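Take a look at the letters that make up each chain.
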Amino acid sequence: AIALGIPEKTVRSVCAYCGVGCEIDVGVKDDKIVGIHPMQNAPVNKGHLCVKGRYAWEYVYANDRITQPMIRRQHHWENVTWKQAIDYCAQKLISMVSEHGPDSIGMIGSARATNEDNYCIQKFARTVIGTNNVDNCARVCHQPTAKAMTMVLGTGAATNSYDDIEKAATILVAGANTTESHPVIGARIKQAVLKGAKLIVIDPRKTELATYATCHLQLKPGTNIPLFNAMANVIVTEKLYDETFIVNRTEGWELFKEFIREWTPERAAKICRIQPRLIRDAARLFAKRSPGICFHGLGLTEHTQGTENVIALVNLALLTGNIGKPGTGINPLRGQNNVQGAAAMGCDPSVFTGMASVKNERQRFEVFWNTALPEGKGLNLPEMLDAAVAGRLHAMWITGYDVFFTMPDANHTKQAFDKLELVIVQDMFMNETAEQFADVFLPCASSFEREGTFMNAERRIQKVRKVIPPPPGVKPDWEIVCNMAAAMGKSEYLSYSTAEDIWNEIRAIWSQVYGITYERLEKGGIQWPCSATSHPGTPILHTETFPREGGKAKLSAIEFKPTPEQAAISYPFILITGRELYHFNAGTMTYRTANKEICQSDQLHLNPIDASIIGLKAGDSVRVISKYGETTLPVYIDADLRKGEVFSTFNNDQVFLNKITNPARDNYVQTPEYKITAVKIEKV
Ligand code: SF4
């Protein structure tokens with residue numbers, strides 16, 4: 001039951017949804033949430049919230065919330081005590097380690113759990129189990145960004161802050177539908193445009209934000225590299241570049257200059273299916289009208305060349321000197337509230353806490369954690385699923401993440417889970433993964449029911465406060481992990497009394513957050529790097545040097561390799577997946593709120609001409625079929641799409657769009673190519 005009424009108190013915390021990280025005032029009466037309002041003086045949202053952050057909180061009181069641990073025996077769920085559940089898992093994990101070795105187990109952290117939870121999850125994997133097989137959902141979204149930015153700039157995080165939006169003369173948004181995915185940032189960008197900033201939007205769809213743009217480059221999906229290369233070509237051939245910046249702050253200029261000559265706008269235009277004139281206009285606008293800031297989303301990263309897409313975008317910022325200054329930068333719009341934090345805490349098979357390389361920094365962590373640690377990079381999530389199919393992975397412990405519903409080509413994911421001997425799911429709800437494959441379910445607290453910190457997309461660490469008590473018996477994730485370590489006889493590695501104890505351990509091993517104490521966070525969020533308690537935090541990175549050998553950023557020649565997933569006679573449409581305003585990711589939370597009444601299902605958007613050729617009208621039901629599977633969903637006629645391209649969100653468990661999405665992976669970090677799937681459409 002949802003409590004309503006005048007709040008007795010308000011508690012400041014952070015929105016549980018997207019990576020913008022809006023601060024909220026949560027109204028509480030009789031230990032129940034009665035409403036949420038935006039925090040008026042919050043540096044991120046400045047008094048605004050979107051429809052998710054403000055209204056979609058009733059999932060906390062959903063009737064189907066799981067509040068007791070369960071073990072599945074003989075195909076039936078049985079309620080058990082915490083001791084029974086933890087002992088059961090601990091014994092299974094111990095025997096698997098002894099029988100198959102530590103690398104037979106994989107762990108998945110959660111982008112909606114706190115930094116403290118994620119720190120414990122990866123520390124458990126490495127110290128208690130003895131494996132680097134630990135990952136998080138950044139694998140299916142912005143891992144290409146982290147990889148690309150680390151390679152060419154030295155740090156895999158946003159270079160600037162949201163406050164740079166209002167300082168920019170030109171704003172370039174690539175592959176991000178901010179109005180729906182990051183609405184508060186979308187609103188700030190639109191306000192900046194209304195006050196005189198110029199906007200370039202790069203997107204295959206005519207998004208609402210594109211209607212504010214001076215240049216909308218409506219490119220063919222998957223052709224970002226030709227476009228960015230051609231923009232670079234214009235900047236170089238017309239000598240619009242910032243020579244001082246290039247000479248003093250970059251390497252690779254001579255090679256890049258040679259490489260980019262071939263990428264004329266005419267050549268790129270044929271591949272991208274846009275006018276060469278538009279490419280020239282966008283390049284000139286971005287280069288001439290400084291400062292220019294770049295934002296990008298999953299439209300760049302969820303491709304076979306996702307990492308290279310981001311590198312090609314960084315080239316534009318480097319050529320024009322748009323890095324390290326107010327109103328500039330490369331700023332990934334992170335999807336989930338703490339996806340940046342989950343990876344930074346070390347829920348990644350190749351890095352420890354603070355993005356410290358497993359390869360180079362193992363000894364430092366061995367000393368700090370006082371134990372021998374596994375050598376070499378572990379398996380990432382897609383690799384874990386492959387290993388399960390091959391019989392090399394025997395167990396997975398998944399926290400706050402519906403892997404089955406989320407991964408592409410659900411048939412492959414099913415094969416993997418069917419082979420696992422033990423699947424532990426830790427969540428608030430019986431999600432698809434739990435329903436179909438889990439052996440044990442461990443119920444965890446919502447972000448309203450725990451203390452900790454989140455890290456938003458501009459590197460700001462903010463305090464998450466316990467607003468209400470969790471349902472009796474439900475625990476925060478870190479406590480469950482500590483209990484499991486104790487049951488496995490390894491409590492010396494994970495023994496904490498409070499979330500603050502964990503944060504203080506994180507500060508001690510990651511110097512860039514050492515200066516960020518809970519006491520300071522009481523007054524407001526702080527952006528890392530912040531290495532001393534007197535340091536104010538760092539809104540802009542790379543102001544003088546880049547943290548790479550030699551201190552310079554790298555201009556990189558990026559060749560274009562088209563994805564094999566192309567439309568053909570048998571599958572004539574390209575399906576693009578994306579976000580919408582009312583629902584969030586797997587829908588686990590928003591489909592348990594009134595947002596479900598506003599938006600009841602995913603829909604297949606298609607161009608009116610395509611609809612008329614197939615004989616479809618709005619609301620008709622269609623079967624959408626790819627090489628990987630099929631699903632059924634209602635039609636939405638959408639003139640903002642080009643002929644031959646269709647679009648859908650992926651939030652609804654009845655539609656289960658990932659039954660049909662393309663499992664091809666990014667060349668560097670294996671992020672799936674969700675943005676391009678060849679499909680055919682049949683009227684039901
Ligand atoms: Fe929450 Fe993102 Fe909406 Fe802000 S913009 S209220 S963080 S979902």
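Along each chain, residue indices are assigned from 1 in the same order as the chain's sequence is written. Reporting of local features is limited, given that this is a predicted model, to residues whose pLDDT is at least 70; pairs of side-chain atoms are given and counted only at 80 or more, and all residues count toward the totals for whole chains, interfaces and linings.

(A) Quick look at the overall build of the chain. Helix and strand definitions here come from DSSP, where helices need a minimum of 4 consecutive H or I residues and strands a minimum of 2 consecutive E residues; each element is numbered from the N-terminal end. Looking only at helices and strands, the chain features 24 helices and 28 strands. In terms of overall size, the chain behaves like a compact globule, its C-alpha atoms giving a radius of gyration of 24 Å where 684 residues would be expected to give roughly 26 Å. For the chain, the spread of C-alpha atoms along the three principal axes comes to 70 × 65 × 55 Å. A residue is called partly exposed when the number of other C-beta atoms within 10 Å of its own lies between 12 and 20, exposed at 12 or fewer, and buried at 20 or more, with C-beta atoms placed from the backbone. Relative to its full complement of 684 residues, the chain shows a buried share of 58%. Pairs at least 24 residues apart make up 74% of the contacts formed inside the chain by residues separated by at least 6 positions. Using C-alpha atoms as the atom set, the radius of gyration is obtained and then compared with a globule rule of 2.2 Å times the number of residues to the power 0.38. Here contacts are defined at the residue level, using C-beta atoms placed from the backbone and a cut-off of 7 Å between them.

(B) Layout of the pairing of strand β5 (residues 76–79). In this structure, strand β4 (residues 70–73) lies alongside β5, joined through four bridges in antiparallel fashion. Bridged to Arg 73 within β5 is His 76. Strands were regarded as paired on the criterion that DSSP finds at least two bridges between them.

(C) Seen up close, helix α11 (residues 276–288). Here the expected span of a helix is defined as 1.5 Å times the quantity of residues minus one. With 13 residues, α11 should reach 18 Å at 1.5 Å per residue; the first-to-last C-alpha distance of 18 Å fits that figure. For α11, the full list of buried residues reads Ile 279, Ala 282, Ala 283, Phe 286 and Ala 287. Down the axis of α11, the buried set is contained in an arc of 120°. They therefore lie on one face. Relevant arc is that of directions from the helix axis to the C-beta atoms, nothing else.

(D) Representation of the domain arrangement of the chain. The split of the chain into domains comes from an automatic or database domain assignment. Along its sequence, the chain is organised into domain 1 (9–61), domain 2 (71–136 + 337–527), domain 3 (143–332) and domain 4 (573–683). The C-alpha centroid of domain 3 is placed 35 Å from the C-alpha centroid of domain 2. Contacts between the two partners involve seven residues from domain 2, matched on the other side by seven residues from domain 3. Ten residue types, Ala, Val, Leu, Ile, Met, Phe, Trp, Tyr, Cys and Pro, are classed as nonpolar, four, Asp, Glu, Lys and Arg, as charged, and the remainder, Gly among them, as polar. In the side of domain 2 that touches domain 3, the residues fall into three nonpolar, two polar and two charged.

(E) Up close: the environment of Leu 255. Note on placement: Leu 255 falls in helix α9 (residues 253–260). Sequence separation of Leu 255 and Ser 556 is 301 residues, and the distance between their C-alpha atoms is 8.4 Å.

(F) Fine view of the sheet that holds strand β26 (residues 630–637). Ordered by their spatial adjacency, six strands build a closed barrel running β23-β27-β24-β26-β25-β28, and the pairing between neighbours is mixed. Averaged over all adjacent pairs, the angle separating strand axes in this sheet is 45°, with direction ignored. Axes here refer to lines fitted to C-alpha atoms; in helices the fit is confined to the stretch in contact. Angles between the N-to-C directions go from 0 to 180 degrees.

(G) Molecular detail of the nonpolar core. Nonpolar cores are built from buried Ala, Val, Leu, Ile, Met, Phe, Trp, Tyr and Cys residues. These are joined into a set through C-beta atoms within 7 Å. With 190 residues, the main nonpolar core has Phe 124, Met 231 and Val 314 as its most contacted residues. The residues touching Phe 124, leaving out its near neighbours within four places in the chain, are Met 107, Ile 129, Val 481, Met 484, Ala 485 and Leu 494. Within the second largest apolar cluster, 22 residues are counted, among which are Leu 575, Val 622, Leu 641 and Val 646.

(H) View of the site of the ligand. By definition, a residue lies near a molecule or strand provided its backbone-derived C-beta atom is within 6 Å of it. As a matter of local geometry, the ligand sits amid 14 residues, with Cys 15, Cys 18, Cys 22, Cys 50 and Gly 53 nearest to it. Sorting the residues of the shell around the ligand by element identifies α1 (51–55) and α6 (183–194) as the ones contributing at least two each. Taken domain by domain, the shell around the ligand gets at least three of its residues from each of domain 1 (9–61) and domain 3 (143–332).

(I) View of the packing of helix α2 (residues 82–100) against helix α20 (residues 477–487). Between α2 and α20, the shortest axis-to-axis distance is 9 Å and the interhelical angle comes to 60°. Put simply, α2 runs oblique to α20. The two elements α2 and α20 meet at a crossing, and its hand is right-handed. The segment α2 lies against α20, with Ile 86, Asp 87, Cys 89 and Ala 90 engaging Asn 483, Met 484 and Ala 487. Taken together, the residues of the contact of α2 with α20 sort by class into five nonpolar, one polar and one charged. Should an angle lie under 35 degrees it is considered roughly parallel, over 145 roughly antiparallel, and from 65 to 115 roughly perpendicular; all remaining angles are considered oblique. Two helices crossing with the near one rotated counterclockwise from the far one by less than a right angle form a left-handed crossing, whereas a clockwise rotation gives a right-handed crossing.

(J) Region of the structure containing the confidence of the model for the chain. Values of pLDDT, which run from 0 to 100, indicate the predictor's confidence residue by residue. Chain-level pLDDT for the chain is 96 on average; 99% of the residues reach the 70-or-more range. For this predicted complex, the interface confidence reaches an ipTM of 1.00, while the overall pTM sits at 0.96.

(K) Examining the packing of helix α16 (residues 381–389) against helix α18 (residues 410–419) more closely. It is at 8 Å that the axes of α16 and α18 come closest, and there the two elements cross at 60°. As summarised for this structure, α16 and α18 are arranged oblique, according to the angle between their axes. For the crossing formed where α16 meets α18, the hand is left-handed. Here α16 contributes Leu 385, Ala 388 and Val 389 to the contact with α18, which in turn contributes His 412, Thr 413, Gln 415, Ala 416 and Lys 419. A breakdown of the residues in the contact of α16 with α18 according to their chemical character gives four nonpolar, three polar and one charged.

(L) Representation of helix α10 (residues 265–272). All buried positions along α10 are accounted for by Pro 265, Ala 268, Ala 269 and Cys 272. The arc that holds the buried residues of α10, viewed along the axis, is 105°, so those residues lie on one side. Across from the buried face of α10, at angles greater than 90 degrees, the exposed residues are Glu 266 and Lys 270. The elements touched by buried residues of α10 are α7 (224–237) and α11. Just downstream of α10, Arg 273 is the residue with a positive phi angle, here 60°.

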